[in-house]
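Observations on the three-dimensional arrangement
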Amino acid sequence: MKKTEIWYLLISLTTVIGFAVLIYYSILRVNPSVVPPEAAAGKELWERQGCMQCHAIMGSGGYSASDLTDVVTRRGEGWLEEFFLEPPLMEPSHRRHPGLAGAEIVHMLTFLRLVDEIDNLDWPPAPLITVPEDLETKD
Ligand code: HEC
């Protein structure tokens, strides 16, 4: 084999291997992970209970209560479970916040955890509303 032929062979091999690696990684990126059934049930609950009338996710939804995109990180699952089991009175209306029970809590937490884990580049960029201290939860 001539020296130039060896060079051609090497360049071709490198190109083929390079493309194979690129294609492999691009397939990995588009491979959709399966949404757990609990999370799907939680999303259905979210829609059925009308949580979106007051809350937003990633800035989309109601603005009269907090954006819940990262609420699992902010509050923790234990806190959220308590919150749904014994929902507080909302200020200033004094209506009780919608509560959840049993499997509903597991479903809602799985849905909210999934939303929290989405790589959304910290969208929305800043809290859209903040609850003033004197309007905090009253039991
Ligand atoms: C009528 C409006 C309204 C609806 C409907 C509503 N919420 Fe809320 N939610 C509020 C308000 C107001 C607060 C703040 C309560 C407080 O701390 O006094 C709140 C607080 C929360 C919090 C704590 C948020 C935080 O930032 O700490 C969570 C979690 C939550 N709601 C989830 C839900 C879910 C899930 C649903 C649907 C099942 C729902 N909410 C439906 C008005 C609503």
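Residues numbered from 1 in each chain as written. Predicted model: local features only at pLDDT ≥ 70, side-chain atom pairs only at ≥ 80, totals over all residues. Heavy atoms only, no water.

Taking an unreviewed UniProt entry as the reference, the protein is identified by name as Cytochrome c, class I belonging to Dethiobacter alkaliphilus AHT 1.

Once that is clear, we can look at helix α4 (residues 77-85). Since there are 3.6 residues in each turn of an α-helix, residues three or four apart along the chain are aligned in direction. All of the buried residues along α4 are Leu80, Phe83 and Phe84. Down the axis of α4, the buried set is contained in an arc of 90°. They therefore lie on one face. (Buried < 20%, exposed > 50% of the residue type's maximum accessible area, 1.4 Å probe, protein only. Helix = DSSP H or I, 4+ residues; strand = E, 2+ residues; numbered from the N terminus. Arc of directions from axis to C-beta.)

Right, let's talk about the packing of α4 against helix α5 (residues 103-117) for a bit. Where α4 contacts α5, the axes come no closer than 11 Å and their chain directions differ by 135°. Classified by the interaxial angle, the pair formed by α4 and α5 is oblique. Helix-helix and strand crossings are classified by hand; for α4 and α5 the assignment is right-handed. Contacts between α4 and α5 involve Glu77, Leu80, Glu81, Phe84 and Leu85 on the former and, on the latter, Ile105, Met108, Leu109, Leu112 and Arg113. (Axes fitted to C-alpha atoms, helices over the stretch in contact; angles between N-to-C directions. Parallel < 35°, antiparallel > 145°, perpendicular 65-115°, else oblique. Left-handed = near helix turned anticlockwise from the far one by under 90°. Contact = heavy atoms within 4.5 Å.)

Ligation of the iron atom of the ligand by protein atoms is provided by His55 (NE2) and His97 (NE2), these donors lying 1.9 to 2.0 Å from the ion. Considering all six donor atoms around the iron atom of the ligand, the spread of angles at the metal, 86 to 179°, places the coordination shape in the octahedral class. Taken together, the residues His55 in the loop between α2 (37-48) and β1 (56-57) and His97 in the loop between α4 and α5 connect sequence positions 42 residues apart. When sorted by exposure, His55 lands in the same class as His97, which is buried. (Donors = N, O, S within 2.8 Å, 3.2 Å for Na, K, Ca; no water. Tetrahedral: all angles 85-135°; square planar, octahedral: opposite > 155°, others 65-115°.)

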